[in-house]
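Residue-level structure breakdown
Residues per chain, in single letters:
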Amino acid sequence: MNEALNLISGNLPTVKQLRCFLAVAQELNFRKAADRLRMTQPPLTRQILSLEEMLCVPLFSRNTREVHLTEAGRMLVVRAEHILRELGALKPALSNEQETVRIGFTRTLDFDHIPALSGPLKTLNVNEDAGTPYLSSAQLLQCLSKNSLDLVLTGEQGAEIQDDIVFDWVCREPLRVAMPVAHPASLKEKVSLTDIAGLPLFWFPRSANPAYYDKCERYFSTLPVTLRRIKEPEDSLTMLSRIARGKGVALLPQSVCTFHQEGLCYRALSDDAAGHLNIDVYVAIRRDERRKPVLAAREAIVRNPARTGNASANRMPDA
């Protein structure tokens, strides 16, 4: 157990992971912890799952009604609190060394698993104390427009408030189908939506990301079948558990397809569907932005060589 919690160099938790862990450990409730951190449950859950995967131990035992710390979780509480106290004491001494950039992230993606972004983000002086780190793309763009964020990474280019915002395309994130293993189509390497039309599609409201929603709906309208939609739960683990029991399917960004459960699988989309159903990721700043740290952060993301590492996934969208 002690060896599992040895945080060796090169495989260290992030400050964000530790903060998320402590919030859940103190609240013993994912919804309350998410509210406290001013984020939604899916990105909070992903932070905890990534931390457990890194440490190779479960930190919480949980079911549909209760959350408890495991022995490893209780041990980590002490260490995490110590680490964050030390960092908090260090912060005032370094506050004048380099101006931080308030970056907002769309809650739809896991940027740690997107090569075109994970590298440059680690090099930036990101202010993790920003009050709204993980929001919907529409909310992020509103925060940017109101000057409560300096730079945002958004899925799709919002059309409503482009006049005061500049977008730069970064990469294209493929979608995968989360589906029950028991479904016959799971035997295929690539799945079309027609193959799984008999199951309802967990779907989100248009207000969360109008551009992405409309992009998908345009393709849905060309299908020879009508897809039945049901509201996706706030907690992504709840949704995936339902999918594993055969209650539906979901279209998820490739970067978040990391949770494994008996009865659940992920499959690539058919070539035709993949050509239409994807997420173009943009970095956005205000048009009148002149501060050097913000412009440098944008440049580091846009000019990152990893963007060209996968030609098919990172192809610039057609105008």
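Everything numeric in this text was worked out from a predicted model, so none of it was measured. (Residues numbered from 1 in each chain as written. Predicted model: local features only at pLDDT ≥ 70, side-chain atom pairs only at ≥ 80, totals over all residues. Heavy atoms only, no water.)

**As for the packing of helix 2 (residues 30-37) against helix 3 (residues 41-55)**
The line we're drawing: Note on geometry: axes are C-alpha line fits, over the in-contact stretch for helices, and angles between N-to-C directions span 0 to 180 degrees. Here a helix means four or more residues in a row that DSSP labels H or I, a strand means two or more in a row labelled E, and each is numbered from the N terminus. Any angle between 65 and 115 degrees counts as roughly perpendicular, while under 35 counts as roughly parallel, over 145 as roughly antiparallel, and the rest as oblique. A contact between two residues is defined here by any heavy atoms of the two lying within 4.5 Å. We call Asp, Glu, Lys and Arg charged. Ala, Val, Leu, Ile, Met, Phe, Trp, Tyr, Cys and Pro are nonpolar, and the rest, Gly among them, are polar.
It is at 9 Å that the axes of helix 2 and helix 3 come closest, and there the two elements cross at 105°. In this view, helix 2 runs roughly perpendicular relative to helix 3, as classed from their interaxial angle. In contact with F30, R31, A33, A34 and L37 of helix 2, helix 3 contributes Q41, L44, T45 and I48. Of the residues contributing to the contact of helix 2 with helix 3, the split by class is 6 nonpolar, 2 polar and 1 charged.

**Section: the packing of helix 1 (residues 15-27) against helix 3**
At their nearest, the axes of helix 1 and helix 3 sit 9 Å apart, and the two run at 105° to each other. It follows that helix 1 is roughly perpendicular to helix 3 by the angle criterion. Residues K16, Q17, C20, F21 and V24 of helix 1 form the contact with helix 3, whose participating residues are L44, Q47, I48, S50, L51 and M54. Class assignment of the residues belonging to the contact of helix 1 with helix 3 gives a composition of 7 nonpolar, 3 polar and 1 charged.

**Here we look at the pairing of strand 6 (residues 165-180)**
Every regular strand shows the same layout, with side chains that alternate between the two sheet faces. The criterion, for reference: Remark: exposure states derive from per-residue accessible area (1.4 Å probe, protein chains only) relative to the maximum for the residue type, with buried under 20%, exposed over 50%, and partly exposed in between. Strands pair, by our definition, only if DSSP identifies at least two bridges between them.
Taken across its 16 residues, strand 6 has 13 buried, putting it largely inside the fold. Across 9 bridges, the pairing between strand 6 and strand 12 (residues 278-286) is antiparallel. Residue pairing in the sheet places V166 in a bridge with I285 of strand 12. Here 4 bridges tie strand 6 to strand 10 (residues 250-253), and the two strands are oriented antiparallel to one another. Each residue of the ladder has a partner; that of R176, found in strand 10, is L252. Relative to strand 11 (residues 264-269), strand 6 runs antiparallel, the two sharing 5 bridges. The partner of R176 across the bridge, within strand 11, is A268.

**Here we look at helix 5 (residues 115-123)**
When helix 5 is considered as a whole, its buried residues turn out to be A116, L117, S118, P120 and L121. Residues of helix 5 that are buried sit in contact with strand 3 (103-106), strand 5 (151-155), strand 6, strand 12 and helix 10 (292-302).

**Thoughts on unusual backbone geometry**
Outside of glycine, negative phi angles account for most residues, and trans bonds account for most peptide bonds. Its identity is not glycine, yet L28 carries a phi of approximately 50°, on the positive side. Looking at the secondary structure, you find L28 in the loop between helix 1 and helix 2. On the basis of relative accessible area, L28 is assigned to the partly exposed category, the value being 36%. Even without glycine at this site, N147 takes up a positive phi of about 70°. Considering the arrangement of structural elements, one finds N147 in the loop between helix 6 (137-145) and strand 5. With relative accessibility at 41%, the residue N147 sits in the partly exposed group.

**Let's talk about the confidence of the model for the chain**
Convention followed: Confidence scores here are pLDDT values: one per residue, from the predictor, ranging 0 to 100.
Here the chain shows a mean pLDDT of 84. Residues at 70 or above account for 83%. Counting interchain partners and residues more than four positions distant, the pLDDT-below-50 stretch residues 1-10 has 18 contacts. Within the model, the stretch residues 308-313 combines pLDDT values under 50 with 6 contacts to residues more than four positions away or in other chains.

**With respect to the pattern of salt bridges**
Quick reminder of the rule: By definition, a salt bridge exists where a carboxyl oxygen of Asp or Glu is found within 4 Å of a side-chain nitrogen of Lys or Arg.
Tallied over the entire structure, the rule returns 16 salt bridges. Residue E156 is joined to K215 by a salt bridge in which the shortest nitrogen-to-oxygen separation is 2.9 Å. Residue E156 is located in the loop between strand 5 and strand 6, and its partner K215 is located in helix 7 (residues 210-220); the two are separated by 59 residues in the primary sequence. A single burial state applies to E156 and to K215, both of which are buried.

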